[in-house]
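# Overview (structure and organization)
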Amino acid sequence: MASLDYVGLTTLAAVFLTSLSVIVLLRPRRPLTDPPVPTVPFYKSAYFTMMMPYIPMDERFRRTLSHLSKDGTKIFQEWFGPVPVVTLTTAESAKVMFDYAKFPKLSLMRSLAVGESIASYLFGTNIVTAGGEEYLLHRSITRPAFARPYRLPVFVNCTRKLLTILRTHAQHHRDIPIDTYPFMQRLTLDVLGAAILSVDFGSLPESSSIPKDITNAHELKPGHFVDVWNALVANVFRPAYFFVPYYSKLPLPSVKRDWKVAKEFRGMMETIVEERIQQRRAANADGDYQNKKDMDLVDMMVEAGEAIIRDGSDRHPDKPQWTQEKMVHNLNMFFLAHDTTANALSAAFYLIAKHPGAQVKLRDEVAGIFGKPNSVSDALFEADENAVRCKSSVSAVTSMRSSKRRCGGTKKRPERCKLAHLALISLYPSVPFPAVRVAEEDTVLRVPFSDGSVKSITLKKGACVRTNVYLLHRDEDLYSDPDDFKPERWLSKKEESSDDDTSNAKASGWYPFAGGTRICMGLQMSLIEQRIVIAMIVRSFQIKLSEQAEKEGYVLAGSNLMRPVGLKLFFHPLV
């Protein structure tokens, strides 16, 4: 049956690509730009699209660029499934594209899917895919959950569990490296559940439940949420479900299996929402109304639904309505956040291990801020709301050079807070392609070329456009030695006096969280979480590359959601 399924899938893919090629190549095409820009052949784009989960990102982009002209352009046309798109790789053009008023998002799910697909079943209309008034509705309901001060003890408690696991592994298997990403994934999933959803996923067990001979994350139990999510990413996130009409309806064993996984995952999210609805009803019946400050994301979504019921949804029939199904679609989308943060942490520890000199400086900085080795978590617990807001303690844990003023216990921002963290996550963005957008009007871009010239290129109205963050962060015209780990490239006098520790980075073409008015809402939560985890682990462990990691480097693969493949590192306890 498996062989038959493989043959069926292969045949389907061949027929689809052949048919689509004929349609695309024969239909009349109007240029997306004036003058026309270099174009990646359709067959090559289609191949990369179908093989996304299997080709490392570095190799994929190297092959793509090899098909472009030799004039060194920073803009080119390729194919996103059957959709021709213009890809931008400069900071200036990306900044123009992130103007949502002029470049609204393309709803690929609605434009390509025929009937109900697995993709639409899981994600439907949510804050990422919605536009116009629908987007404003989703934002007004979900944004407050990410705007409130974050509870540092949540991050610290989850990280403490991981520290215990790493120590247990080192105690019994010091000479065996660990596959880092699965552990980071479990950590970020538990943080997401505790900080935003008030749900204990239990992905990282308490110390009493950790196997003494643990060698990989799969030996940790329970991990049901992780297992289901990983099955979803491995199978349901295949490009065919997003680009091929009726693919979700085919009677193939693999499709039936993927529907089963999708329904199980959505069922878990529906259970979270339904249980919270029942809890709120019971509390309201007893007169125990919840303080808004204590509400999490699920509470806010449920309350919005209750308000619509109280006011009467038929009072504004022409306006977008908030439904329980939309709550589930948004939960499913926010679930992606833990995966992107896990990738960012994995990349950070790889680079920290690869640059032992930087690791020593970072460890010294953490020690200079928090004192003795076991006081990192205590200092973070004691950080007051003001300190968290100005990020004096949190930002400093990722400094590469000791600050002139220690910021532990003070509300002042350190004078020399070098944000190595920005460099750590810039080289390997979790989402290299932010959402495709559509030009609402003709837009002129100033594009540099390798010969030093700058030319004007007009994006035509209706053209689909996206940015390639991976290539943008490696722009030789913007950064010297763009592939090197250089934290100092993100620093300026403006940044040192700014409360926004990403202000200079954004001005310098730093877009791992996209940009503009629809920048990722979880940006600050993710940055704070990563910095706390990095501080606590670097303070407690010496991190080294395994022989495999030293030889192969940081290999990213996947569809639009990138994951490291086989990243094995040593975590040797210092105390």
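One can find the structure itself at the top, above this paragraph.
My aim in this report is to walk through the structure given alongside it, one point at a time. The structure displayed is predicted, hence computed values, not measured ones.

Here helix α8 (residues 152-173) crosses helix α24 (residues 523-540) at 40°, and the two axes come no closer than 10 Å. In this structure, α8 crosses over α24, and the sense of that crossing is right-handed. The residues of α24 that touch α8, namely those facing Leu-152, Phe-155, Val-156, Thr-159, Arg-160, Leu-162, Leu-163, Leu-166 and Arg-167, are Met-525, Ile-528, Glu-529, Ile-532, Val-533, Met-536, Ile-537 and Ser-540. Grouping the constituent residues of the contact of α8 with α24 by class yields 12 nonpolar, 2 polar and 3 charged.

Here the structure, examined in full by the defined rule, presents 9 salt bridges. Measuring nitrogen to oxygen at the nearest pair gives 2.9 Å for the salt bridge that ties Glu-270 to Arg-266. Here Glu-270 pairs with Arg-266, and both are found in helix α12 (residues 253-285), just 4 residues apart, close to one helical turn. Since its relative accessible area comes to 33%, Glu-270 is described here as partly exposed. Relative accessible area serves as the criterion here: at 9%, Arg-266 is assigned to the buried category. Of the charged contacts in the structure, one is a salt bridge between Arg-474 and Asp-483, with a shortest N-O distance of 3.0 Å. Under the relative-accessibility criterion, Arg-474 is labelled buried at 14%. Salt bridges here are not isolated pairs; linked through shared partners, they connect Arg-266, Glu-270 and Glu-325.

Turning to the environment of Ala-231, a few remarks are in order. Note that Ala-231 resides in helix α10 (residues 224-236). Taking the relative accessible area as the measure of exposure, Ala-231 reaches 24% and is therefore partly exposed. Residues Ala-231 and Asp-258, spaced 27 residues apart in sequence, show a C-alpha to C-alpha distance of 8.3 Å. Ignoring any residue separated from it by four or fewer positions in sequence, one finds Ala-231 in contact with Val-236 and Val-261.

Glancing now at the nonpolar core. Of all hydrophobic cores here, the largest spans 114 residues; its most connected members are Phe-349 and Ile-537. Those residues within four positions of Phe-349 in sequence are excluded, and the remaining contacts are Met-184, Val-533, Ile-534, Ile-537, Val-538, Ile-543, Leu-569 and Phe-571. Core analysis: the second largest hydrophobic core is formed by 21 residues, Leu-32, Val-37, Val-86 and Val-469 among them.

Attention now goes to the sheet that holds strand β4 (residues 178-179). Spatially, the 3 strands line up as an open sheet ordered β4-β12-β9, and their pairing is antiparallel. If you trace the sheet from one side to the other, it starts and ends with β4 and β9 (541-545), each paired once. Pairing between β9 and strand β12 (residues 568-573): 5 bridges, direction antiparallel. Opposite Gln-542, over in β12, you have His-572 as the bridge partner. Across the sheet, helix α15 (residues 336-354) touches β9 and β12, and the angle it forms with β9 is around 85°.

Along the chain, the position of Thr-87 falls in strand β3 (residues 83-88). Reaching out from Thr-87, the side chain makes a polar contact with the side chain of Glu-78 at a distance of 2.6 Å.

Quick look at the pairing of strand β7 (residues 454-459) now. Pairing of strand β1 (residues 33-34) with β7, which is carried by 2 bridges, proceeds in the antiparallel orientation. Within β7, the position partnered with Asp-34 by the bridge is Thr-458. Where strand β6 (residues 443-448) and β7 come together, 6 bridges link them in antiparallel fashion. When the bridges of β7 are listed, Leu-445 appears paired with Ile-457.

Moving on, we get to helix α14 (residues 324-334). Most of α14 sits out of view: 9 of its 11 residues are buried. All of the buried residues in α14 are Lys-326, Met-327, Val-328, His-329, Asn-330, Leu-331, Asn-332, Met-333 and Phe-334.

A word on the packing of helix α9 (residues 180-197) against α15. In the contact formed by α9 and α15, the axes pass within 8 Å of each other and the chain directions differ by 135°. In terms of their interaxial angle, α9 and α15 are classed as oblique. Here α9 runs over α15; the crossing is right-handed. Of α15, the residues touching α9 (which contributes Thr-180, Tyr-181, Met-184, Gln-185, Leu-187, Thr-188, Leu-189 and Leu-192) are His-338, Asp-339, Thr-341, Ala-342, Asn-343, Leu-345, Ser-346 and Phe-349. Broken down by class, the residue content of the contact of α9 with α15 amounts to 8 nonpolar, 7 polar and 1 charged.

Conventions and cut-offs
- Residues numbered from 1 in each chain as written.
- Predicted model: local features only at pLDDT ≥ 70, side-chain atom pairs only at ≥ 80, totals over all residues.
- Heavy atoms only, no water.
- Axes fitted to C-alpha atoms, helices over the stretch in contact; angles between N-to-C directions.
- Helix = DSSP H or I, 4+ residues; strand = E, 2+ residues; numbered from the N terminus.
- Left-handed = near helix turned anticlockwise from the far one by under 90°.
- Contact = heavy atoms within 4.5 Å.
- Nonpolar A, V, L, I, M, F, W, Y, C, P; charged D, E, K, R; others polar.
- Salt bridge = Lys/Arg side-chain N within 4 Å of Asp/Glu carboxyl O.
- Buried < 20%, exposed > 50% of the residue type's maximum accessible area, 1.4 Å probe, protein only.
- Core = buried A, V, L, I, M, F, W, Y, C linked by side-chain atoms within 4.5 Å.
- Pairing = 2+ DSSP bridges.
- Polar contact = N/O pair within 3.5 Å; in protein donor to acceptor, adjacent residues only side chain to side chain.
- Parallel < 35°, antiparallel > 145°, perpendicular 65-115°, else oblique.

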